[in-house]
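Single-letter residue listing:
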Amino acid sequence: VQLQASGGGLVQAGGSLRLSCAASGLTFSDYDMGWFRQAPGKEREFVAAISWSGYSTYYADSVKGRFTISRDNAKKTVYLQMNSLKAEDTAVYYCAARSSPRSLRVAPLGYDYWGQGTEVTVSS
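The structure reproduced in this document is the subject of the present report. (Residues numbered from 1 in each chain as written. Predicted model: local features only at pLDDT ≥ 70, side-chain atom pairs only at ≥ 80, totals over all residues. Heavy atoms only, no water.)

## Focus: the packing of aromatic side chains
Within this structure, the stated rule accounts for 5 aromatic pairs. Measuring from ring centre to ring centre gives 5.7 Å for Phe36 and Phe46, while their planes differ by 75 degrees; the resulting arrangement is edge-to-face. With Phe36 in strand β4 (residues 32–38) and Phe46 in strand β5 (residues 45–50), the pair connects residues that are 10 residues apart, well separated along the chain. Judged on exposure class, the residue Phe36 and its partner Phe46 are both buried. Relative to Tyr111, the ring of Phe36 lies with its centre 5.1 Å away and its plane at 80 degrees, an arrangement referred to as edge-to-face. With Phe36 in strand β4 and Tyr111 in the loop between β9 (91–98) and β10 (113–114), this pair connects stretches of sequence that are 75 residues apart. The exposure classification of Phe36 matches that of Tyr111, with both residues buried. Over the aromatic face of Tyr79 sits the side chain of Arg18, whose NZ or CZ is 4.0 Å from the ring centroid. Above the plane of the ring of Trp114 lies Arg44, whose end atom (NZ or CZ) is 4.9 Å from the centre. (Phe/Tyr/Trp six-rings, centres within 6.5 Å; stacked < 30°, edge-to-face > 60°. Helix = DSSP H or I, 4+ residues; strand = E, 2+ residues; numbered from the N terminus. Buried < 20%, exposed > 50% of the residue type's maximum accessible area, 1.4 Å probe, protein only. Lys NZ or Arg CZ within 6 Å of the ring centre and 35° of its normal.)

Following this line, the structure appears as structure tokens:
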């Protein structure tokens with residue numbers, strides 16, 4: 001299984017970025033997908049999640065209204081559109097795949113597979 005995250009970079013506060021995560025080696029439509037982030041010196045935290053069908057989405061309060069998660073099962077890709085970026089959004093962003101609907105959606109332990117991360121830096 002491989003999850004390849006991309007799209008990170010340096011952006012000014014108020015700007016936008018779109019992250020992508022391409023999956024291979026798994027039946028993508030069997031998995032809920034999530035995005036997490038980890039800032040230097042901090043624990044990995046939940047950002048957003050989307051159900052296998054794409055019909056249900058979930059967001060951390062800190063990104064609600066600014067970030068949008070989506071997926072394309074035909075392309076085996078999940079996206080994170082990030083708008084109105086703030087300095088506090090600076091982190092390494094990770095995508096993850098979750099097979100069990102009973103596992104915790106907002107906790108890293110609830111996910112089975114992880115991508116390598118893509119770095120987002122927001123300058124103020």
